[in-house]
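Below, each chain spelled out in residue letters.
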Amino acid sequence: QCIFLVGPFIEALKSQDDKAIVNMLNEYWELKKKLSPFVSNEQIDKEIEYYKKRGCGVKLCGAGGGGYLFIYDPSGKCNAISVDIDYYGNTLINF
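Residues numbered from 1 in each chain as written. Predicted model: local features only at pLDDT ≥ 70, side-chain atom pairs only at ≥ 80, totals over all residues. Heavy atoms only, no water.

### Topic: the pattern of salt bridges
What counts, and what does not: Here a salt bridge means any side-chain nitrogen of Lys or Arg lying within 4 Å of a carboxyl oxygen belonging to Asp or Glu. What counts as a helix is a DSSP run of H or I of at least four residues, what counts as a strand is a run of E of at least two, and both are numbered from the N terminus. Buried means the residue's accessible area, taken with a 1.4 Å probe over protein chains only, is under 20% of the maximum for its type, while exposed means over 50%, and partly exposed covers the values in between.
Counted by the stated rule, this structure contains six salt bridges. Residue D45 is joined to K33 by a salt bridge in which the shortest nitrogen-to-oxygen separation is 3.9 Å. Within this pair, whereas D45 is found in helix α3 (residues 42-52), its partner K33 is found in helix α2 (residues 18-33), the two being separated by 12 residues in sequence. Judged by relative accessible area, D45 falls into the partly exposed class, the value being 26%. Overall, the relative accessible area of 28% leaves K33 in the partly exposed class. In this structure, the salt-bridge partner of E42 is K46, at a minimum N-O distance of 3.4 Å. Of the two residues, E42 and K46 both sit in helix α3, four residues apart, roughly one turn of that helix.

Here's what the structure looks like:
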């Protein structure tokens, strides 16, 4: 099912449709979690829900016990997010 999001996601990026980008990132995450009970854990789920509630699109990237959260923040609350990330001892990389 994830493959069906690729085309619409590319179109949303091209048209800069922030709402669609956020929705598809979050939909992808929910689909990915259904693949295996080992895709996530309680801590990751809590962090993802925290950012989703603030209007962000979130995707877990990486594998093997390491990786990162890709957080798409169209609302511009990045400063608040960076403070939260620092609090948890993580690193924010802006691009």
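### Some remarks on a nonpolar patch on the surface
For clarity, the threshold we go by: Without a salt bridge and with relative accessible area above 30%, a residue can belong to a patch; like charges are then joined within 9 Å and nonpolar side chains (Val, Leu, Ile, Met, Phe, Trp, Tyr) within 5 Å. Here the Shrake-Rupley method, with its probe set to 1.4 Å, supplies the accessible areas, and only the displayed protein chains count as covering residues.
The grouping of I3, F4, V6 and I10 at the surface amounts to a nonpolar patch, some 430 Å² of accessible area in total. In this fold, V6 is placed in helix α1 (residues 6-15).

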